[in-house]
Amino acid sequence: MAKTASDTKAKRSAKDAAGKAKGTGGRSTGSKGTGGKGGSGKKAAKAEMKAAAIAAAEKAARPDVLGTAASATTVARTTAENPPQEEDLAVATVRKVAMEGAKTRSEHDLLGDGEVPADALWGIHTKRAVANFPITGVSVGHYPELVRALALVKQAAARSNHRLGYLPKGKAKIIEEACTLVATDPTYAESFVVDAIQGGAGTSTNMNANEVIANVGLRLMGKAPGDYAALHPNDDVNMAQSTNDAYPTALRLAVIFATQPLVKALDDLAYAFKSKAVEFADVLKMGRTQLQDAVPMTLGQEFDGFHATIKEDVARLTEIVGLFREVNLGATAIGTGINADPRYAALAVEELSRLSGQPMVLASNLIEATSDLGAFVLFSGVLKRVAVKLSKICNDLRLLSSGPRTGFGEIRLPAVQAGSSIMPGKVNPVIPEVVNQVAYMVIGHDLTVTLCAEGGQLQLNAFEPTIGYCVLSSLRMLTAAIDTLTKRCIDGIEADRERCRSLVQGSIGLVTALAPTLGYEASSRIARRALKENRAVADLVLEEGLLTEAQLNGLLELEAMTHPTRRQKAGTVV
């Protein structure tokens, strides 16, 4: 099995710790006072070495920023210093860190005092949220696009507040630096520990972001986390903002970010299908409708159809994602802009556009924009459309590759793993199968998005966190599934040319190609005879003398059967 970077680090730390234990523990416990030649001392030294090695390995494998006993955060980290290699495996790990015995700091909120791990970048609001919402085990940090978007929103706010004279230059500079770190270094995502699904319309996520950015800033200032007198999560980082404008804006920007890799994945898949369409352009096969023989076509035409339907979705996604460029940043609580300078909204959106590289615009009616989630409903519908099309294509691939001897068997999918623990040699279409399952998840997420959008009340929709969870999860799963389908299936598909041609030659549907010449009645009679007598259509046409062999061969040429030609009068051959 491939080794991850954390595995290597853990083993190296364990080896170092074991060496230290061997160098010191042996001398301190391996005395000759008891146990003959220091037998008990050697045993004790070995025990210490083993314990030290285990402790070092656990410490090395554990992230620097800790969670709480109430949280179980899924981590799948790739850093710029350790880019994924071909042989690496991305392994998700679940961690819990015990609070008992840990060094803590005390923080205060409206409910009272609480203890937080001393080095944690989050604070008491995040701790309460983690305890309140142990729902999915999937943290906000699981979505790097959302973490990046949150940091950019906070950075845009800090710039705007400084330009307007409300935020001192020193604090603005520190907040900017902290936001840049959070937006660009994926390790900070581990501090976004609140569950993605939460009550409060995203308040827990916004508080988590405020606390992380404030504490990163405090570290940059040389101060300890939690020293909020120097830089405050709410008064400074959250200045002129509400969860109700900062969180929706970040979520929309995150969707824009997450759509880009999906579009690329779809483009790559479409190209793979087009390549196969060219490769299979001369492979004659039987087309089917309602699982029954229809008319001849080429395998290339079939794959070119897959290419066309995928390219359509690239166009739709690119069009619909533009709806998320309209944001309500500056609306604050309900859209009236309370606690914000009247000039703030326009400045904040301007700065956000500059920072994100995306042309964002301020909504014309901030009250409407704060409560309406129609863009998510439309966009989720497009994701469902993509999922439905992908699933249909995968159904086709599974049918076309069925067999290998008792099914269609027209194509061969790459063998990527053993298919059975009991049937030797069996290989299953596991890649199309997993794409089918992802499609079903996306379709289910679309229904959830619809219900959440409908469930909003008055000036705010409290269910936006679940909408974000569903849309971002769908984007992530679809992108991964499409990449997997392209690389582990489509690129390696082979055609069984002889099998395809033999099925055409034995098909009754072949008579359709002769109907313009023979007429419908004569063609129907030939079809009935072929089915009843289990004979080939061509043999019966020659037997009845309806066409000469040369005429028959001309009508059954690849080009004549698979492309439109000028219809001739029945009974004549040119």
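Everything quoted here is computed from the prediction, not taken from an experiment.

Trainee: Describe in detail the overall build of the protein, supporting the description with residues and values.
Mentor: For the protein, the count of helices and strands is 20 helices and ten strands. Scored against the burial criterion, the 574 residues of the protein give a buried share of 46%. Taking as baseline every contact in the protein between residues at least 6 positions apart, the subset at least 24 positions apart corresponds to 71%. In the form shown here, the protein has an accessible surface area of approximately 28500 Å², with 55% of it arising from carbon and sulfur atoms.

Trainee: Outline the environment of Ser364, listing residues and values.
Mentor: Of note, Ser364 is situated in the loop between β8 (361–362) and α11 (366–371). Look at Ser364 and you get exposed, because its relative accessible area is 80%. Measuring from C-alpha to C-alpha, the distance between Ser364 and Asn328 comes to 8.8 Å, with 36 residues separating the pair along the chain.

Trainee: Tell me what's going on with the environment of Gly114, and back it up with residues and numbers.
Mentor: By the secondary structure assignment, Gly114 is in strand β4 (residues 112–117). Once the C-alpha coordinates of Gly114 and His125 are considered, the two residues, eleven residues apart in sequence, prove to be 9.5 Å apart.

Trainee: Describe the confidence of the model for the protein, and please don't skip the residues or the numbers.
Mentor: Within the protein, residue pLDDT values average 85, and 81% of them lie at 70 or more. Confidence drops under pLDDT 50 across residues 1–40; counting only partners more than four residues distant or on other chains, this segment forms 47 contacts. Counted against residues more than four places away or in other chains, residues 54–84, with its pLDDT under 50, gives 61 contacts.

Trainee: Residue-level account of the nonpolar core, with values.
Mentor: Counting residues in hydrophobic clusters, the biggest one holds 126 residues, and the most contacted among them are Phe303, Phe379 and Leu485. When residues of this core are assigned to their parent elements, the largest contribution, 19 residues, is made by helix α8 (residues 243–279). Beyond its immediate chain neighbours, meaning those up to four positions away, Phe303 contacts Phe273, Lys276, Ala277, Phe280, Leu397, Ile411 and Ile493. In this structure, Val504, Ile526, Ala527 and Leu552 belong to the second largest nonpolar core, which totals 19 residues.

Trainee: Before we move on, could you go through the pairing of strand β3 (residues 104–109) and cite the residues and values that matter?
Mentor: Here β3 shows one buried face, formed by Arg105, Glu107 and Asp109, and one open face, formed by Thr104, Ser106 and His108. From the end of β3 to the start of β4, which pair antiparallel, there are two residues.

Trainee: Give a detailed account of the pattern of salt bridges, specifying residues and quantitative values.
Mentor: A complete count under the given rule lists 35 salt bridges for this structure. Linking Glu177 and Lys173 is a salt bridge whose minimum nitrogen-to-oxygen distance equals 2.5 Å. With a gap of four residues between them, Glu177 and Lys173 both fall in helix α5 (residues 169–184), about one helical turn apart. The class of Glu177 is partly exposed, set by a relative accessible area of 31%. Ionic pairing is found between Arg343 and Asp341, a salt bridge with its closest N-O pair at 3.0 Å. Here Asp341 falls in the buried class, since its relative accessible area comes to 13%. Residues participating in the shared-partner salt-bridge network are Arg159, Arg163, Glu176, Glu350, Glu351 and Arg354.

Trainee: Lay out the packing of α8 against helix α9 (residues 299–320) with the relevant residues and their values.
Mentor: Between α8 and α9, the least distance of the axes is 8 Å, while the angle of their chain directions is 160 degrees. Between α8 and α9, the crossing angle belongs to the class labelled roughly antiparallel. With respect to the hand of their crossing, α8 and α9 are arranged in left-handed fashion. Each of Thr259, Leu262, Val263, Leu266, Asp267, Leu269, Ala270, Phe273, Lys274, Lys276 and Ala277 in α8 lies in contact with α9, whose residues at this interface are Gly300, Phe303, Asp304, Phe306, His307, Ile310, Lys311, Val314, Leu317 and Thr318.

Trainee: I'd like a description of the state of the cysteines, backed by residues and values.
Mentor: Scanning all chains against the criterion turns up zero disulfides. Of all cysteine sulfurs, the one in Cys394 lies closest to Cys489, which takes part in no disulfide; the gap is 7.1 Å. In this structure Cys489 comes out as buried when scored by relative accessible area, which is 2%.

Trainee: Break down helix α3 (residues 124–132) for me, citing the residues and quoting the values.
Mentor: The periodicity of an α-helix, 3.6 residues per turn, causes residues three or four positions apart to be oriented the same way. Every buried residue of α3 is listed here: Ile124, Thr126, Ala129 and Val130. Looking at the buried positions of α3, the neighbouring elements they touch are β3, β4 and α6 (203–220).

Trainee: Before we move on, could you go through unusual backbone geometry and cite the residues and values that matter?
Mentor: Backbone phi values are negative for most residues with the exception of glycine, while trans is the configuration of most peptide bonds. The omega angle of the peptide bond from Gly403 to Pro404 is 10 degrees, so this bond is cis rather than trans. As for its placement among the helices and strands, Pro404 is situated in the loop between α12 (374–400) and β9 (411–412). Phi at Leu291 is positive, roughly 65 degrees, even though this residue is not glycine. Here Leu291 lies in the loop between β5 (284–289) and β6 (292–298).

Trainee: If you had to explain the side chain of Glu211 to someone new, which residues and values would you point to?
Mentor: Position of Glu211 among the secondary structure elements: in helix α6. Put simply, Glu211 is tucked away with no salt bridge, and the nearest opposite charge, on Arg105, sits 6.8 Å away. Within the structure, the side chain of Glu211 is placed 2.7 Å from the backbone nitrogen of Gly123, a separation counted as a polar contact.

Trainee: Account for the pairing of β5, with residues named and values stated.
Mentor: Both β5 and β6 contribute to a ladder of five bridges, which runs antiparallel. Residue pairing for β6: Arg288 is matched across the bridge by Asp293.

The rules behind the values
Residues numbered from 1 in each chain as written. Predicted model: local features only at pLDDT ≥ 70, side-chain atom pairs only at ≥ 80, totals over all residues. Heavy atoms only, no water. Helix = DSSP H or I, 4+ residues; strand = E, 2+ residues; numbered from the N terminus. Buried < 20%, exposed > 50% of the residue type's maximum accessible area, 1.4 Å probe, protein only. Contact = heavy atoms within 4.5 Å. Areas by Shrake-Rupley, 256 points an atom, 1.4 Å probe, with all protein chains shown as cover. pLDDT = per-residue confidence, 0-100. Core = buried A, V, L, I, M, F, W, Y, C linked by side-chain atoms within 4.5 Å. Pairing = 2+ DSSP bridges. Salt bridge = Lys/Arg side-chain N within 4 Å of Asp/Glu carboxyl O. Axes fitted to C-alpha atoms, helices over the stretch in contact; angles between N-to-C directions. Parallel < 35°, antiparallel > 145°, perpendicular 65-115°, else oblique. Left-handed = near helix turned anticlockwise from the far one by under 90°. Disulfide = S-S within 2.5 Å. Lys, Arg positive; Asp, Glu negative; His and termini not counted. Polar contact = N/O pair within 3.5 Å; in protein donor to acceptor, adjacent residues only side chain to side chain.

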